[in-house]
Amino acid sequence: ISWHLIEVLNPKIPFKRAVFNEITQNAIIESFNNPRDIDMNLVLSQETRKILDRLVGYTMSPMLWRYIVPGLSAGRVQSCALKLITDRERKRW
């Protein structure tokens, strides 16, 4: 989210990222007391997951609907892992 905000707002002042894993007063105060820089490796890995989800997950979900349960999603990481396993199994047969 922070990277997207920076891209849209283009701030002229220095910026940091507040990171917290729970929504409690202590966690939020702690995150503002210890801000971080934006880690572009994390940004790029998220963008990669999004692309892979669209390439693999969106094509696999309709197969899951047809053969397993209607409305079932292939997910994100699961989509790529399932694709790799499926490809490997096809080579065996």
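Since we're looking at a predicted model, the values are computed, not measured.

Along the chain, serine 31 turns up in helix α2 (residues 25-33). Relative accessible area serves as the criterion here: at 4%, serine 31 is assigned to the buried category. Among all residues touching serine 31, those that are not within four sequence positions of it are Ala18, Val19 and Phe20.

Glancing now at a nonpolar patch on the surface. On the surface, a cluster of nonpolar side chains totalling about 620 Å² of accessible area is made up of Met63, Trp65, Tyr67, Ile68, Val69 and Leu72. Tracing the backbone shows tyrosine 67 in helix α3 (residues 40-67).

Moving on, we get to the pattern of salt bridges. With the rule as written, the count across this model stands at three salt bridges. Among the salt bridges present, the one from lysine 16 reaches aspartate 37, with a minimum N-O distance of 2.8 Å. Of this pair, lysine 16 sits in the loop between α1 (2-9) and α2 while aspartate 37 sits in the loop between α2 and α3, and the two are 21 residues apart along the sequence. In this pair, the class of lysine 16 matches that of aspartate 37, namely exposed. Lysine 50 is the partner of glutamate 47 in a salt bridge, and the nearest nitrogen-oxygen pair spans 3.4 Å.

The rules behind each value
- For every chain, the first residue of the written sequence is number 1, and numbering continues from 1 onward in sequence order.
- Residues qualify for local features only when their pLDDT is at least 70, as the model is predicted, and side-chain atom pairs are given and counted only at 80 or more; totals for whole chains, interfaces and linings, by contrast, use all residues.
- Excluded from the side-chain calculation are hydrogens and water; included are all heavy atoms of the structure.
- Helix and strand assignments come from DSSP, with helices taken as H or I runs of at least 4 residues and strands as E runs of at least 2, each series counted from the N terminus.
- Buried residues are those whose accessible area, probed at 1.4 Å on protein chains only, stays under 20% of the maximum for their type, while exposed residues exceed 50% and partly exposed ones sit between those limits.
- Whether two residues are in contact is decided by their heavy atoms: any pair within 4.5 Å suffices.
- Residues enter patches when their relative accessible area tops 30% and they take part in no salt bridge; the joining distance is 9 Å for like charges and 5 Å for the nonpolar side chains Val, Leu, Ile, Met, Phe, Trp and Tyr.
- Per-residue and other accessible areas follow the Shrake-Rupley method at a 1.4 Å probe size, with only the shown protein chains counted as cover for residues.
- In what follows, salt bridge is the name for a side-chain nitrogen of Lys or Arg lying within 4 Å of a carboxyl oxygen of Asp or Glu.

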